[in-house]
Amino acid sequence: MKPDAIEVGIRIKKIRTDLGYSMSQFGELISDSPKTTVNNWERGINLPKEDKLKKISLLGKVTTTELLYGTPEEFISTIIVEHFRLQLNPLFLKQIIVFLEKQKIDLYDEMAIIEFVQGIVDSGSLVEQESKYLRYTPIVGSNNLYLASTTRNGEVIEPAFFAYVEKEKDRVHYLPYTFAENQSELFYKVPELNKQLNIDYFTRQFPLLDVELNQSTIVYYGIKEKENTANIIEYCHNDEEKIFDVEKTENNSSIYEPFKIETEKTAAYLRQNH
């Protein structure tokens, strides 16, 4: 796997800013490299040469491999997404790393990792027992609208949501499915996305939607139970904590208007019948 120059640039910039250096000062430490060269590294226009990579790694107290490819977790996660189109639960990913280490497999050996994960996929043990997650099926006639069905151990249980996907913004909107048996519960009980199992339920198949988890936003179209009024909540992924934080409510520009209208119609119907 080739290094992602943009990601490498982000890591270089973090090393520089964490040390408190300007681009000029940082360049002087790295073989008297000019400010423009450092700027090109950080923007991902090109990569530093090997000798300069080593010096940057020393300053950042990381290995050259980690500077180029990220942490073992990031490297392996990227491989799994690119080759298997899967978003693994971080706890499961850690278990994979522990096993690889016990087998003395290099955590940056791409082919060895692919072979290992393929073995897990073939054995069927990749699916966690009683694990529930959403499977997204495109709705005919729309490039962005999906039917999201609850799946347990690979078997579809029932439709749960309509999902509208904004791929370019890594944003997914969820409207409880019209004919779901537990539609009221889906409307009234908005998800707590600060627990890994809850997050995994929504995001496991994000790679298939071309949605980047680390930059993603979830907009959930719920209803306040007592008032029976729309309760639209926006969750933004917290890349450091690996959870979703509640950021905004319905007074923002990220609302998908058709979902908002349907939510308000349902809320009005519930008010009239209670």
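Summarised in this report is the structure supplied together with it.

A closer look at the pattern of salt bridges
Step number 1: Overall, the coordinates contain 8 salt bridges when judged by the stated rule.
Step number 2: For the salt bridge of Lys 169 with Glu 166, the shortest nitrogen-to-oxygen distance reads 3.9 Å.
Step number 3: Residue classification places Lys 169 among the partly exposed positions, given a relative accessible area of 45%.
Step number 4: The partner of Glu 166 in a salt bridge is Arg 171, with the nearest N and O atoms 3.2 Å apart.
Step number 5: Here the residues in one salt-bridge network are Glu 166, Lys 169 and Arg 171, joined through shared partners.

Side note on the pairing of strand 2 (residues 145–152)
Look at any regular strand and the pattern is simple: side chains alternate between the two faces of the sheet.
Step number 1: A large share of strand 2 lies buried, amounting to 6 of its 8 residues.
Step number 2: Bridge count for strand 1 (residues 132–138) against strand 2 is 7 bridges, and the pairing is antiparallel. Looking at the pairing, Lys 132 lines up with Arg 152 of strand 2.
Step number 3: Hairpin remark: strand 1 followed by strand 2, antiparallel, with 6 residues in the connecting loop; positive phi at Gly 141, about 95°.
Step number 4: Pairing analysis gives 8 bridges linking strand 2 to strand 3 (residues 155–166), with the strands arranged antiparallel. From the neighbouring strand, Ser 149 faces strand 3, where its bridge partner is Pro 159.

Digging into the packing of aromatic side chains
Step number 1: Scanning the model with the defined rule gives 15 aromatic pairs in all.
Step number 2: Each ring, one from Tyr 136 and one from Tyr 174, has its centre 6.5 Å from the other, and the planes form 50°; the classification is tilted. Here the residue Tyr 136 occupies a position in strand 1, and Tyr 174 occupies one in strand 4 (residues 171–176), the gap between them amounting to 38 residues.
Step number 3: Ring geometry for Phe 161 against Tyr 220: centres 5.7 Å apart, planes inclined by 75°, an arrangement best described as edge-to-face. With a gap of 59 residues between them, Phe 161 in strand 3 and Tyr 220 in strand 5 (residues 217–224) connect regions that are remote in the sequence. Both residues of the pair, Phe 161 and Tyr 220, count as buried.

A look at helix 4 (residues 50–60)
Step number 1: Looking at helix 4, one finds that the buried residues are Lys 52, Leu 53, Ile 56 and Ser 57. Each buried residue of helix 4 lies within a common arc of 140° when the element is viewed along its axis, so the set occupies one face.
Step number 2: In the core, the buried residues of helix 4 are packed alongside helix 1 (5–19), helix 2 (23–29), helix 3 (35–42) and helix 5 (64–69).
Step number 3: Just downstream of helix 4 lies Lys 61, where phi reads positive at about 55°.

Some points on the packing of helix 1 against helix 4
Step number 1: Where helix 1 meets helix 4, the closest approach of the two axes is 10 Å, and the angle between their N-to-C directions is 50°. Classified by the angle between their axes, helix 1 and helix 4 sit oblique to one another. By crossing handedness, the relation of helix 1 to helix 4 is classed as left-handed. Every residue of helix 4 that contacts helix 1 at Ile 12, Ile 15 and Leu 19 is listed here: Ile 56, Leu 59 and Gly 60.

Conventions we followed
- Residues numbered from 1 in each chain as written.
- Predicted model: local features only at pLDDT ≥ 70, side-chain atom pairs only at ≥ 80, totals over all residues.
- Heavy atoms only, no water.
- Salt bridge = Lys/Arg side-chain N within 4 Å of Asp/Glu carboxyl O.
- Buried < 20%, exposed > 50% of the residue type's maximum accessible area, 1.4 Å probe, protein only.
- Helix = DSSP H or I, 4+ residues; strand = E, 2+ residues; numbered from the N terminus.
- Pairing = 2+ DSSP bridges.
- Phe/Tyr/Trp six-rings, centres within 6.5 Å; stacked < 30°, edge-to-face > 60°.
- Arc of directions from axis to C-beta.
- Contact = heavy atoms within 4.5 Å.
- Axes fitted to C-alpha atoms, helices over the stretch in contact; angles between N-to-C directions.
- Parallel < 35°, antiparallel > 145°, perpendicular 65-115°, else oblique.
- Left-handed = near helix turned anticlockwise from the far one by under 90°.

So yeah, pure geometry; function would need other evidence.
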